[in-house]
Amino acid sequence: SAFEIAMDKVEMEQLKNEKIIGSFYFYDNRLALAYNDGKYGFINKNGDTEISFEYEMAMSFEETGFARVEKESKSYLIDDKGKEYLLAESLDALTVETMALELSYEGLKRFPKKILKFPQLKVLILKGNFIETLPAEISTFKNLIYLNLNNNELTALPKTLGKLTMLKTLDIGGNQFKIFPKEILQLKQLRYLGFSYNEYRFELPKELDV
């Protein structure tokens, strides 16, 4: 019947859509990079737009929880809510408007003191370097919400770390900690702590509630 034929077409369309959606990589099982009408955006598993199609260039979300995008000749990191952080990928590119700095795998042996001149930073990614210590002036970053120091050479944290009162994510996995840095317990807003692949072999302190 005509009804059965119509239903078959609906089922075929549904299968086709499922195959298309199934070919996407969904960050956190929620967001996938998509392309429409010459611009990039992000969709959910229903194919609905979650982050609008307004970017000339975009990359999928990484394990950091951010995706790198570009529009109007400017680079940004965006979070899974679509909030934009103006991005610099070199010390020379830093300005008073920069909200995110990524210097991953740059061979850095020291924390670049120049960064301290930009206290407005909210996202700081220094993973994959050889940094052994953090300066006490790290407390300068009162607005910092995300700090990634994964895969460095850290053995301790400065006492002033506790002054990062806005910090929600701290990743210090893959370093050289032999004891748990108690300074972390002062971070009352912390929601995620990355601490795997260190020298530390004991249970985390009971006071840690993240």
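Structure: see above.
Residues numbered from 1 in each chain as written. Predicted model: local features only at pLDDT ≥ 70, side-chain atom pairs only at ≥ 80, totals over all residues. Heavy atoms only, no water.

Our next topic: the pairing of strand β5 (residues 67-71). Two faces belong to every sheet, and in a regular strand the side chains alternate between them. Within β5, four of the five residues are buried, which leaves it mostly tucked inside the rest of the structure. With two bridges connecting them, strand β4 (residues 57-58) and β5 associate as antiparallel partners. Following the sheet pairing, Ala58 is matched in β5 by Val69. Sheet analysis places β5 next to strand β6 (residues 74-78), joined by five bridges and oriented antiparallel. Bridging from a neighbouring strand, Lys71 pairs with Lys74 of β6. The loop that links β5 with its antiparallel partner β6 comprises two residues; one of these, Glu72, has a positive phi angle of about 50°. (Buried < 20%, exposed > 50% of the residue type's maximum accessible area, 1.4 Å probe, protein only. Helix = DSSP H or I, 4+ residues; strand = E, 2+ residues; numbered from the N terminus. Pairing = 2+ DSSP bridges.)

Right, let's talk about the pairing of strand β7 (residues 84-88) for a bit. In terms of residue burial, β7 counts as a mostly covered element, since four of its five residues are buried. Where β6 meets β7, three bridges bridge the pair, whose relative direction is antiparallel. Note on β7: the bridge partner recorded for Tyr76 is Leu86. What sits between the antiparallel neighbours β6 and β7 is a turn of five residues, in which Gly82 has the positive phi angle 90°.

Here nine strands make up an open sheet; going across it, the order is β4-β5-β6-β7-β8-β9-β10-β11-β12 and the pairing mixed. Each edge of the sheet is formed by a strand with only one pairing partner; in this case those strands are β4 and β12 (192-194). Inspection of the sheet shows strand β11 (residues 169-171) paired to β12 by three bridges, in the parallel sense. Across the sheet, the residue bridging to Asp171 is Gly194, located in β12.

On to the pattern of salt bridges, then. One pass over the full model with this rule turns up nine salt bridges. For Arg68, the salt bridge identified is with Glu70, shortest N-O distance 3.2 Å. Across the pair Asp92 and Lys114 runs a salt bridge whose closest N-O atoms are separated by 3.6 Å. Residue Asp92 is located in the loop between β7 and β8 (100-102), and its partner Lys114 is located in the loop between β8 and β9 (123-125); the two are separated by 22 residues in the primary sequence. Taking relative accessible area as the criterion, Lys114 reaches 33% and is therefore assigned partly exposed. Salt bridges here are not isolated pairs; linked through shared partners, they connect Asp28, Arg30, Asp80 and Lys81. (Salt bridge = Lys/Arg side-chain N within 4 Å of Asp/Glu carboxyl O.)

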